[in-house]
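Here are the chains, one letter per residue:
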Amino acid sequence: MKYIDGFRNPAAAEALRRQIAGLGEALGREAAVMEVCGSHTMAIGRYGIRDLLPANVRLISGPGCPVCVTEAGYIDAAIALARRGVILATFGDMMAVPGSASSLSDCRGDGCRIEICYSPAAALKLALGKPGNEVVFLAIGFETTIAPVVSLVDGALRHKAKNLSLLTAFKRIPPALAALLADPEIRIDAFLCPAHVSAVIGAAAYEPFSGRGGVPCVIAGFEPLDILLGIRGVLDQLLRGAAEVDNQYSRVVRPKGNPKAREQIDRFLEPVDAAWRGIGTIPASGYSLREPYAVYDAAKKFAIPVESGTTNPACICGDVIKGKRSPADCALFAESCTPDHAIGPCMVSAEGTCAAYYKYSRVAS
Amino acid sequence: MKESTIRLAHGGGGGLSRQLIETEIIPRFGEGPLRQLPDAAVLPPTDGAMVFTTDSFVVQPLDFPGGNIGDLAVHGTVNDIAACGGVPLWLSMGLILEEGLSLETLRRALDAVKSAAEACGVVVVTGDTKVVGSGQCDGMYINTSGIGRRLNGYELSTDRIGEGDYVLVSGPIGDHGMAVLSVRKGIEIAGGPLSDSAPVHRLVQSAGAWAKAVHFMRDPTRGGLAAVLNEAVEGRALDIELTENDIPVSPGTRAVAEMLGLDPLHSASEGRIVAVCAAHAAVRVLSAWRELPEGRTATGIGLVRSGEGRVIMRTLTGGKRLVDVPRGELLPRIC
């Protein structure tokens, strides 16, 4: 813990706050910095980072919460599987995500069997312990989570577990960044790039978004000083008119990422077009299991179609995920949509933008 | 007893029931009013107002780092009495046992009840034992009710909290919740969290001279410090402003909270007391608490200001954030 304390040092934070204030003043215009990752959104809320920034530095929250970008139709498909008697294994965050008509939590209340797992390995254990039951793991997540989740297939092969399969809705970060940059309605001056995703995909993955026509891409860790350093790096580039990939999290992130995790992903998965809740379909932004492993693909195994589903029309989660609007712009936010009764997915996940704003930021300045 | 596990007949009222009571209950609790196993305890009159409370304990696992269901069942009820300004006197103990429970586990829990009650100065004066079929309860549940005598001077109510009051805590927060969770999640780390399960009534007694200046007290169990403080100012034109750097959190609890992405402010304590008291008495109350081993690290953590019913924290890095109540099924069955 002493190691972590170094990245939360109040005196260092104050020094960085002053430097950022100076750079903000020198810039003299608004800087819209998108923090791509949900863990950054939470850390920014938890440490009150917005409070430390000058008025012209605006942090906008991006699409980096895997639960929030999961389509209502995916939840519908999972519920349909559970109603057929399959045991669902899932990360806890998925429980309250609204599907078209109900959530997994409602489904469990009706008697369906849904087990919450802290680790994908728990799903394999569950399947091995119940050989007479089909177990489906709800395989969502970005690059960070994908490698450990697909290792379930490896585990199932080794243990000859034929009763385990994955309902996949994996998402890849770089194609989403490309789609956001190409959207003329969204102004993004810089990306604060994710910490753990970058540890897998590597700093080089952001090269396409830098240079001519690009924006500064600064990789930052999740501790408060990491984030402040990242923002300082962004402002420094904006002042210089630069658009570089700057790895401020070099204690963890390598240029080529984690080769073992990338190999694992390539072995089992192939890129496919994927639908993002509130954004739409982004080319090559998802992964599905390669043909030789199709027996572990729950959608194929049980012939369950995953459609887009229907969502509450008043919910603006799509615009929130794209950074176009903030949770406070939503008529439902903190009124009818709260963590106890979530209407949109961004209010459900612990890393959702609306949940982070609700939890930490309803503080009048 | 020859059997090594509880059988349904242990709760049937016949020979095995009697044997269980004679071999396990009477030797531990038979000195006082329980001696002749009356249907109810007859208790002497007390001075002044009485405090009465009840609580049920369904913690899982039954044994956890720093305690077990037995001492928790004593401390939980003792502390509810203490948080109302009371000194605990008598306890009841209702046991619900699952068929198949090992006698060794039962004995460990009963030993813990006995030693915790003695250490707290309370007497188990009445009780009951039921056995349910296998699968109908999770090992064992304990219900305890407690009667105490209210100390003079304590008039505790959220209505008495006012601007300028100080928020005090008797020691590191969140240890119990993280200790239980760490065993349940299989996180066994050197120096990991230990439950803080302990009585707090001596702290309440020790500050008796300044009782009138203490406006509100709670033991921060389920929902942790965050829930208690939100409840304290909810609906009032007041905010509580905490300073993160001043809130004591033990290293083991911090480590597990970081690993699981949980907030120690949402984690239960079972041996701490939180008080909101007038500024002039804050140092006095803290000094009195610090005289006792259980209050040695007591400290002030925040202030009450005019506001709109929120708990706000000045973070380590100098920013401000809201401290919300915990939501969802974060920590089920920790007590």
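Residues numbered from 1 in each chain as written. Chains lettered and ligands numbered in written order. Predicted model: local features only at pLDDT ≥ 70, side-chain atom pairs only at ≥ 80, totals over all residues.

Student: Help me out: how do you make sense of unusual backbone geometry in this one?
Tutor: Excluding glycine, most residues fall at negative phi; most peptide bonds, likewise, are trans. Of note, the bond from glutamine 60 of chain B into proline 61 of chain B is cis; its omega dihedral lies within 30 degrees of zero at 5°. Tracing the chain through its elements places proline 61 of chain B in the loop between β1 (50-57) and β2 (63-64). Phi is positive for alanine 303 of chain A, close to 50°, though the residue is something other than glycine. By secondary structure assignment, the location of alanine 303 of chain A is in the loop between α12 (298-301) and α13 (317-321). (Helix = DSSP H or I, 4+ residues; strand = E, 2+ residues; numbered from the N terminus.)

Student: Looking at this model, I keep getting lost on the domain arrangement of chain A. Mind explaining?
Tutor: Residues and elements named next belong to chain A. Its domain assignment divides chain A into domain 1 (2-66 + 180-247), domain 2 (72-173 + 257-301) and domain 3 (317-360). Placing the centre of domain 1 and that of domain 3 at their C-alpha centroids yields a distance of 21 Å. Listed by partner, the interface residues are 17 residues for domain 1 and 12 residues for domain 3. Breaking the side of domain 1 that touches domain 3 down by element, the ones donating at least two residues are α3 (38-46) and β2 (57-64). Counting residues per element, the side of domain 1 that touches domain 3 draws most heavily on α3, which supplies six residues. Here the side of domain 1 that touches domain 3 is composed, by residue class, of eight nonpolar, six polar and three charged. (Domains from an automatic or database assignment. Contact = placed C-beta atoms within 7 Å. Nonpolar A, V, L, I, M, F, W, Y, C, P; charged D, E, K, R; others polar.)

Student: What's the story with the pairing of strand β7 (residues 190-193) of chain A in this structure? I'm lost.
Tutor: The two faces of a sheet get side chains in turn, since along a regular strand they alternate between them. Residues and elements named next belong to chain A. Of the two faces of β7, the one carrying Ala190 and Leu192 and the one carrying Phe191 and Cys193 are both buried. Judged from the three bridges that link them, strand β1 (residues 31-37) and β7 form a sheet pairing that is parallel. The partner of glutamate 35 across the bridge, within β7, is leucine 192. Pairing of β7 with strand β8 (residues 217-219) involves three bridges; the strand directions are parallel. Bridge pairing links leucine 192 to valine 218 in β8. Of the crossover connections in this fold, the one passing from β7 over helix α9 (residues 196-201) to the parallel β8 is right-handed. (Buried ≥ 20, exposed ≤ 12 C-beta atoms within 10 Å, placed from the backbone. Pairing = 2+ DSSP bridges. Right-handed = clockwise from strand over helix to strand, strands pointing away.)

Student: Got a minute to help me understand the domain arrangement of chain B in this structure?
Tutor: Where interface size is quoted, it is often the accessible area lost as the parts come together. All names here are of chain B. Partitioning chain B into structural domains gives domain 1 (8-150) and domain 2 (158-322). Placing a centre on the C-alpha atoms of domain 1 and another on those of domain 2 gives a separation of 28 Å. Contributing elements (two or more residues each) for the side of domain 1 that touches domain 2: α2 (69-83) and β4 (86-98). Residue composition of the side of domain 1 that touches domain 2, grouped by class: 12 nonpolar, six polar and two charged.

Student: In this structure, what is going on with the packing of α2 of chain B against helix α3 (residues 103-120) of chain B? I would like to understand it.
Tutor: A pair of packed helices is characterised by two quantities: the angle between their axes and the separation of those axes. Residues and elements named next belong to chain B. Following both chains from N to C, one finds α2 and α3 inclined at 35°, their axes separated by 6 Å at the closest point. Both α2 and α3 take part in a crossing whose hand is right-handed. Contact residues: α2 offers Ile69, Gly70, Asp71, Ala73, Val74, His75 and Val78, while α3 offers Ala109, Leu110, Asp111, Ala112, Val113, Ala116, Ala117 and Cys120. Partitioned by chemical class, the residues of the contact of α2 with α3 number 11 nonpolar, two polar and two charged. (Axes fitted to C-alpha atoms, helices over the stretch in contact; angles between N-to-C directions. Left-handed = near helix turned anticlockwise from the far one by under 90°.)

Student: Just checking my understanding: could you explain the interface of chain A and chain B for this structure?
Tutor: At the interface, 23 residues of chain A touch 16 residues of chain B. With four residues, the single largest contributor to the side of chain A that touches chain B is helix α2 (residues 10-27) of chain A. Considering only residue class, the side of chain A that touches chain B consists of 12 nonpolar, three polar and eight charged.

Student: Explain the sheet that holds β8 of chain A to me, please; I cannot follow it from the model alone.
Tutor: Strand pairing within a sheet occurs via backbone hydrogen bonds; the two strands may be parallel or antiparallel. Residues and elements named next belong to chain A. Taken in spatial order, the five strands of this open sheet run β2-β1-β7-β8-β9, and their pairing is parallel. Each end of this open sheet is capped by a strand with a single partner; those strands are β2 and β9 (245-247). Put simply, the sheet's adjacent strands are angled 20° from each other on average, direction ignored.

Student: Sorry, what's going on with the nonpolar core here?
Tutor: Generally speaking, soluble globular proteins have nonpolar side chains that are buried together. Formed by 231 residues in total, the largest nonpolar core has its most connected members in Ala78 and Leu88 of chain A together with Met140 and Val285 of chain B. Every residue in contact with leucine 88 of chain A, bar those within four places of it in the chain, is listed here: Ala78, Leu81, Ala82, Leu104, Ile114, Val136 and Leu138 of chain A. (Core = buried A, V, L, I, M, F, W, Y, C linked by C-beta atoms within 7 Å.)

Student: Can you help me understand the environment of isoleucine 4 of chain A in this one?
Tutor: Relative to the elements of secondary structure, isoleucine 4 of chain A occurs in helix α1 (residues 2-5). On the basis of neighbour counts, which here come to 11 C-beta atoms within 10 Å, the residue isoleucine 4 of chain A falls in the exposed class. As a C-alpha pair, isoleucine 4 of chain A and glutamate 223 of chain A span 219 residues in sequence and 7.9 Å in three-dimensional space. Not counting chain neighbours up to four residues away, the residues in contact with isoleucine 4 of chain A comprise Glu223 of chain A together with Glu258 of chain B.

Student: What am I meant to see in the pairing of strand β11 (residues 280-289) of chain A here?
Tutor: Residue and element names in this part refer to chain A. One ladder, built from two bridges, connects strand β6 (residues 164-171) with β11; its direction is antiparallel. Following the sheet pairing, lysine 171 is matched in β11 by glycine 286. Across seven bridges, the pairing between strand β10 (residues 269-276) and β11 is antiparallel. Its bridge partner lying in β11, tryptophan 276 is registered against glycine 280. From the end of β10 to the start of β11, which pair antiparallel, there are three residues, and glycine 278 there has a positive phi angle of about 85°.

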